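# Working through the structure, step by step
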Amino acid sequence: AGVVAAGGAAAAAAAREWARDGPETEALKTGKVELAEALGLVDEVRLQSRKELRALQAQVEAAHLENEALRRSGEAYVAPQGSIVKSFRRLFCVAAGKADPFPNAEDAVI
C-alpha cells in the first residue's frame, strides 16, 4: 500500500510541475471550484426551463384541443349581419338595458 501511495504522490507531483505551490495553485483550485458551481447552477436553470417549457407546451396543447372542441360544437358567435359595428351597437343597447336590436342573431349560421 505504501508503494502505491508513493507512486500516486509522485504522479500528482509530476502532473503539477508546471504550477508552484502557493497562491497561484490555490487560486487555480478556487477558480475550478467556482466554475464547477457556476456550471451546476447553469444546469439547474436549464432543467427548470425545460420543465417550464413542457408545462407551457401542455397548456398550449390543451388550449388547441379546447379551441377545436368549441369550433366543432357550433357555438361560434356571428356578428349581426356580419358587421362588427352592428355587433357593438347590440352590445351597448343590451348593456344600457334597452331592447336587443338583433334578437335572433344567435340563430344565424356561419
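Residues numbered from 1 in each chain as written. Predicted model: local features only at pLDDT ≥ 70, side-chain atom pairs only at ≥ 80, totals over all residues. Heavy atoms only, no water.

## Quick word on the overall build of the protein chain
Broken down by element type, the protein chain carries three helices and zero strands. N-terminal to C-terminal, the α/β element order of the protein chain is α-α-α. Taking all 110 residues of the protein chain together, the buried fraction comes to 9%. (Helix = DSSP H or I, 4+ residues; strand = E, 2+ residues; numbered from the N terminus. Buried < 20%, exposed > 50% of the residue type's maximum accessible area, 1.4 Å probe, protein only.)

## What about the side chain of R90?
Structurally, the position occupied by R90 is in helix α3 (residues 84-95). By relative accessible area, which is 10% here, R90 ends up buried. There is a polar contact of 3.0 Å between the side chain of R90 and the side chain of D100. (Polar contact = N/O pair within 3.5 Å; in protein donor to acceptor, adjacent residues only side chain to side chain.)

## Concerning a nonpolar patch on the surface
Together, I84, V85, F88, L91 and F92 make up an exposed nonpolar region whose accessible area comes to about 550 Å². Among the structural elements, F92 can be located in helix α3. Judged by its relative accessible area of 56%, F92 falls in the exposed class. (Patch = residues over 30% accessible without salt bridge, like charges linked within 9 Å, V, L, I, M, F, W, Y side chains within 5 Å. Areas by Shrake-Rupley, 256 points an atom, 1.4 Å probe, with all protein chains shown as cover. Salt bridge = Lys/Arg side-chain N within 4 Å of Asp/Glu carboxyl O.)

## Focus on a positive patch on the surface
A cluster of basic side chains, namely R46, R50, K51 and R54, defines a positive patch on the protein surface. Within the element layout of this structure, R50 appears in helix α2 (residues 23-73). Given the relative accessible area of 47%, R50 is considered partly exposed. (Lys, Arg positive; Asp, Glu negative; His and termini not counted. Charge placed at Lys NZ, Arg CZ, Asp CG, Glu CD.)

## Quick look at the confidence of the model for the protein chain
With 71% of its residues at a pLDDT of at least 70, the protein chain reaches an overall mean of 81. The spread of mean pLDDT over the elements of the protein chain runs between helix α1 (residues 2-15), the lowest at 62, and α2, the highest at 93. (pLDDT = per-residue confidence, 0-100.)

## Some words on the pattern of salt bridges
Should the charged atoms of two oppositely charged side chains come close, the side chains can pair. Going through the model one piece at a time under the given rule, you end up with two salt bridges. Residues E26 and K29 are paired through a salt bridge, measuring 3.6 Å at the closest nitrogen-oxygen approach. Within this pair, E26 and its partner K29 are both found in helix α2, separated by three residues, close to a single helical turn.

## Some remarks on the packing of aromatic side chains
Any aromatic ring pair is given by two values, namely how distant the centres are and how the planes are angled relative to each other. Throughout the structure, instances matching the rule amount to one aromatic pair. Ring geometry for F88 versus F92: centroids 6.2 Å apart, planes at 20°, classification stacked. Separated by four residues within a single helix, F88 and F92 lie in helix α3, roughly one turn from each other. (Phe/Tyr/Trp six-rings, centres within 6.5 Å; stacked < 30°, edge-to-face > 60°.)

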